[in-house]
Amino acid sequence: KEKDASQPEFLQAVEEVLNSVSLIFDQHPEYEKMAILERLTEPERIIQFKVPWMDDQGQMHVNRGYRVQYSSVLGPYKGGLRFHPSVTLGMMKFLAFEQIFKNALTTLPIGGGKGGSDFDPKGKSDQEVMRFCQSFMIELSKHIGPDVDVPAGDMGVGAREIGYLYGQYRRLKGVSERGVLTGKGIGYGGSLARKEATGYGLIYFVLEMMRTHQLDPQGKRAIVSGSGNVAIYAAEKAMQNGIQVIAMSDSRGYIVDDQLDLNVVKKIKEQLRTSLSAYPEMAGHGEYHEGSVYDAGLKAELTLPCATQNEINKVRAGRLLDQGCLLVAEGANMPNNNEAIALYHEKGILFAPGKASNAGGVATSALEMSQNSMRLAWTFEEVDDKLRGIMRSIHEQCQAAMNQYQLDPKDYVTAANIAGVQKVIDGMIAMGDY
Ligand code: NDP
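By convention here, each chain's residues receive numbers from 1 onward along its written sequence. Local features in this predicted model are restricted to residues of pLDDT 70 or higher, and side-chain atom pairs are both shown and tallied only at a pLDDT of 80 or more, whereas totals for entire chains, interfaces and linings draw on every residue. Each side-chain value is derived from all of the structure's non-hydrogen atoms; neither hydrogens nor water enter the calculation.

Undergrad: It is not clear to me how the site of the ligand should be interpreted in this structure. Could you clarify?
TA: Among the 23 residues in the neighbourhood of the ligand, the closest are listed as D154, T198, S251, K269 and N333. In protein, a polar contact means a hydrogen-donor-capable atom and an acceptor-capable atom, both N or O and within 3.5 Å, with residues adjacent in sequence counting only if both atoms are side-chain atoms; elsewhere, any N or O pair within 3.5 Å suffices. S227 places a polar main-chain atom, nitrogen or oxygen, 2.9 Å from an oxygen atom of the ligand. Here an oxygen atom of the ligand sits 2.8 Å away from a polar atom, N or O, in the side chain of N333. Residue burial considers only the protein chains on display, and all accessible areas are found by Shrake-Rupley using a 1.4 Å probe. Compared with its free state, where it exposes 900 Å², the ligand has 82% of that area covered by protein. Looking at the shell around the ligand, the elements that each hand over two or more residues are α7 (194-212) and α8 (229-240). Of the residues in the shell around the ligand, the class split is five nonpolar, 11 polar and seven charged. One heavy atom within 4 Å of a molecule or strand is enough for the residue carrying it to be called near that molecule or strand. We count a stretch as a helix when DSSP gives it H or I for four or more residues in a row; a strand needs E for two or more, and each element gets its number in order from the N terminus. Gly is placed with the polar residues, together with every amino acid not listed as nonpolar (Ala, Val, Leu, Ile, Met, Phe, Trp, Tyr, Cys and Pro) or charged (Asp, Glu, Lys and Arg).

Set out below in structure tokens:
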């Protein structure tokens, strides 16, 4: 704690995991002598580098790049790249730490990593983004490879950025190593359904939870925060299953609409790359307000936070509960702080932690790696079927941990942490002093 005092998100993520896995440690006193806790929490390698780039006016800028290669116990490091001005080393470490256990839950052979930069792609031209990505890859290319470390997208890194990064990697290495990045375009080695995977996977997990706890999705109202990659496809799959999405948001405000038109949201965010304030005029209905959707006091049974970390604190969680919320499932990484999560438990509502419910994205990235290795491409339906199977299996692993440790059948946090962490510990011990 002292060494990492300046990294609050990292400490928050570690605390959340360690609180729930004390049950494992109680059953295994030998883990103390083996320093399992220290081996779990210390990253294998951290790479930090300078990213100089030139804007369209000829002005040079310097950003900071990171790659945290946290754990390769279960396979090559795998995890996204985030380009956002708020990126710090502590944030990269929190995301990479979460990624290890999320990846373990997918049951696919991938370790955990994360990277990114404090570069802000917002408001930059395509050429500026390209020059930044090329400079970023000059350094990153020294540390990644299809069997070593396979980055993907995250906030601020979509198909455009992955394309520029991949192009630069190929030029530098002079080889066609398709499996070095995932989230690629369909025309050059990407997987169908990868774009939809995190959002769709979230809803597959939610449907499993609702089925298990006898909740009917039909006609339930949902707040989906964010309007990026995860939020859009979570909203799409929710609507396909009879859930009514009544609100979505972005970093400046939120829209409320009983007849939410997702095509308009897609146009605003995927094509125009602008603010949701344009929604009411473009859709011809709905309202736009500045501020957080979680301060609006909207009535909804489901809450699907899909924007960013720490969006929901205890006060906002209390407001959601007052408005009839029955289930919160995380599409984003750590959108609820630990006090909000404690309140959900206290009030007995269903809560799905991101490492279980948003694992569909990385799982489908691993399916992209498989397709790249085999040099073939599965259909959308094949990938979507596999994704559904993986989300179901994550739910089953949570249930198995609940049974084994006699947990509350609503305690998905402890269950997911136990299931993920135990796999990594077993791998570390099997490989000696890993
Ligand atoms: P995007 O960049 O596509 O979208 C992010 C969304 O969050 C945007 O709508 C953005 O608004 C909004 N946002 C950003 N900052 C804030 C803020 N401070 N307050 C409110 N809203 C904000 O990212 P993704 O959809 O890819 O990722 C969203 C979350 O899901 C992240 O936590 C990410 O780590 C997690 N995740 C993503 C996966 C993936 O496959 N993409 C996989 C697993 C987890 P604006 O449009 O104004 O920028």
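Undergrad: Honestly, the environment of S71 in this entry has me stumped. Any pointers?
TA: For S71, the location among the structural elements is in strand β2 (residues 60-71). Looking at S71, the relative accessible area reads 7%, which means it is buried. Sequence-wise, S71 and Q99 are 28 residues apart; in three dimensions their C-alpha atoms are separated by 9.2 Å. Only heavy atoms matter for contacts: two residues are in contact if any of them lie within 4.5 Å across the pair. When sequence neighbours within four positions are dropped, the list of residues in contact with S71 reads E44, Y77, I100, G111, G112 and V424. Working definition: with a 1.4 Å probe on protein chains only, accessible area under 20% of the residue-type maximum means buried, over 50% means exposed, and in between means partly exposed.

Undergrad: What's the story with the pairing of strand β5 (residues 149-152) in this structure? I'm lost.
TA: Side-chain direction in a regular strand flips from residue to residue, so the side chains alternate between the two faces of the sheet. Residues D149 and P151 point to one face of β5 and V150 and A152 to the other, with burial holding for every one of them. For strand β3 (residues 77-83) and β5, the ladder comprises four bridges, and the chain directions are parallel. Bridge pairing in β5 places Y77 opposite D149. Should DSSP find at least two bridges between two strands, the strands are regarded as paired.

Undergrad: What am I meant to see in the domain arrangement of the protein here?
TA: Accessible area lost during the coming together of the parts is what is often quoted as the interface size. For the protein, the assigned domains read domain 1 (43-190) and domain 2 (195-357). For the purposes of this description, domain bounds are those given by an automatic or database domain assignment. The C-alpha-based centres of domain 1 and domain 2 are spaced at 27 Å. Across the boundary between the two partners, domain 1 contributes 13 residues, which contact 10 residues of domain 2. For the pair domain 1 and domain 2, the summed buried surface comes to about 950 Å²; carbon and sulfur atoms form 49% of the total. Summed over both partners, the accessible area lost on bringing two parts together, with a 1.4 Å probe, is the buried area. Three residues stand out in domain 1 for area buried against domain 2, namely F94, E98 and K102, and they jointly supply 45% of the buried area on that side.

Undergrad: Can you walk me through the packing of aromatic side chains in this structure?
TA: Aromatic ring pairs are defined here through the distance separating the ring centres and the angle between the ring planes. Side-chain rings of Phe, Tyr and Trp, where Trp is taken by its six-membered ring, are said to pair if the distance between their centres is within 6.5 Å; with planes under 30 degrees apart they count as stacked, over 60 as edge-to-face, and otherwise as tilted. This structure, assessed with the given rule, holds 18 aromatic pairs. With a centroid separation of 5.1 Å and 80° between ring planes, the pair formed by F97 and F101 is classed as edge-to-face. Taken together, the residues F97 and F101, both in helix α4 (residues 89-105) and four residues apart, mark about one turn of the helix. Counting every residue linked through ring pairs, the aromatic cluster contains F49, W53, F83, F119, F132 and F136. Of note, K386 hangs over the ring of W378, and the distance from its end group to the ring centre comes to 4.5 Å. Look at NZ for Lys and CZ for Arg. If either is within 6 Å of the ring centre and within 35 degrees of the ring normal, a charge sits over the ring.

Undergrad: Please clarify how the sheet that holds strand β1 (residues 45-54) should be interpreted in this entry.
TA: Sheets are built from strands that pair by backbone hydrogen bonding, the pairs being arranged parallel or antiparallel. Spatially, the five strands line up as an open sheet ordered β1-β2-β4-β3-β5, and their pairing is mixed. The sheet is open, and its two borders are formed by β1 and β5, each paired with just one other strand. The average undirected angle you get between the axes of adjacent strands in this sheet is 20°. The sheet contact formed by β1 and β2 spans 10 bridges and is antiparallel. Residue pairing across strands places R45 opposite Q69, the latter belonging to β2. In this analysis an axis means a line fitted to C-alpha atoms, helices contributing only their contacting stretch, and an angle means the value between N-to-C directions, from 0 to 180 degrees. Each of β1, β2, β3, β4 (112-117) and β5 is contacted by helix α5 (residues 126-140), which is oriented at about 145° to β1, the strand it contacts most.

Undergrad: Teacher, can you tell me more about the nonpolar core here?
TA: The nonpolar side chains of a soluble globular protein tend to be buried with one another. The criterion is simple. A nonpolar core is a set of buried Ala, Val, Leu, Ile, Met, Phe, Trp, Tyr and Cys residues joined through side-chain atoms within 4.5 Å. One finds F97, F205, M248 and L304 to be the most contacted residues of the largest nonpolar core, which totals 88 residues. Of all the elements, α4 adds the most residues to this core, at 10 residues. Viewed by domain, this core spans two of them, domain 1 (43-190) and domain 2 (195-357), each represented by three or more residues. If sequence neighbours within four positions are ignored, F205 has contacts with A352, A356, S357, M391, I394, H395, C398 and Y412.

Undergrad: Help me understand the pattern of salt bridges in this model?
TA: Close approach of charged atoms lets side chains of opposite charge pair. Take a side-chain nitrogen of Lys or Arg and a carboxyl oxygen of Asp or Glu: if they are within 4 Å of each other, that pair is a salt bridge. For the structure shown, the criterion picks out 19 salt bridges. The shortest N-O distance in the salt bridge between K114 and D154 comes to 3.1 Å. Taken as a pair, K114 in strand β4 and D154 in the loop between β5 and α6 (159-173) lie far apart in primary sequence, 40 residues in all. Taking the shortest distance from any N to any O, the salt bridge between K184 and E368 comes out at 2.9 Å. Residue K184 is located in the loop between α6 and α7, and its partner E368 is located in helix α14 (residues 360-374); the two are separated by 184 residues in the primary sequence. Accessibility assignment for this pair places K184 and E368 in one class, buried. The network of salt bridges with common partners includes E16, E98 and K355.

Undergrad: I would appreciate a short explanation of helix α1 (residues 8-27) in the present structure.
TA: Multiplying 1.5 Å by the residue count of a helix minus one yields the expected span of that helix. For α1, which comprises 20 residues, the first-to-last C-alpha distance of 29 Å matches the rise-based estimate of 28 Å (1.5 Å per residue) to within 8%. Bend, in this description, refers to the angle at a residue between axes fitted to the seven residues ending there and the seven starting there. Most pronounced at V21, the bend in α1 amounts to some 45°. Among all positions in α1, only E9, F10, Q12, A13, V14, E16, V17, S20, V21 and I24 are buried.

Undergrad: Any chance you could explain the state of the cysteines here in plain terms?
TA: Note: disulfide means a covalent bond formed between the sulfur atoms of two cysteine side chains. Cysteine sulfurs are considered disulfide-paired once they come within 2.5 Å of each other. What the rule picks out here adds up to zero disulfides. Among the cysteines around C306, which has no disulfide bond, C325 carries the closest sulfur, lying 13 Å off. For C325, a relative accessible area of 4% corresponds to the buried category.

Undergrad: Is there a simple way to explain the sheet that holds strand β6 (residues 221-225) in this structure?
TA: Read across the open sheet, the seven strands follow the order β9-β8-β7-β6-β10-β11-β12; overall the sheet is mixed. Where the open sheet ends on each side, the last strands, each with one partner, are β9 (287-290) and β12 (350-352). Taking each pair of neighbouring strands and ignoring which way they run, the sheet shows an average axis angle of 15°. Contacts from α8 reach β6 and β7 (244-249), with the element oriented near 170° to β7.

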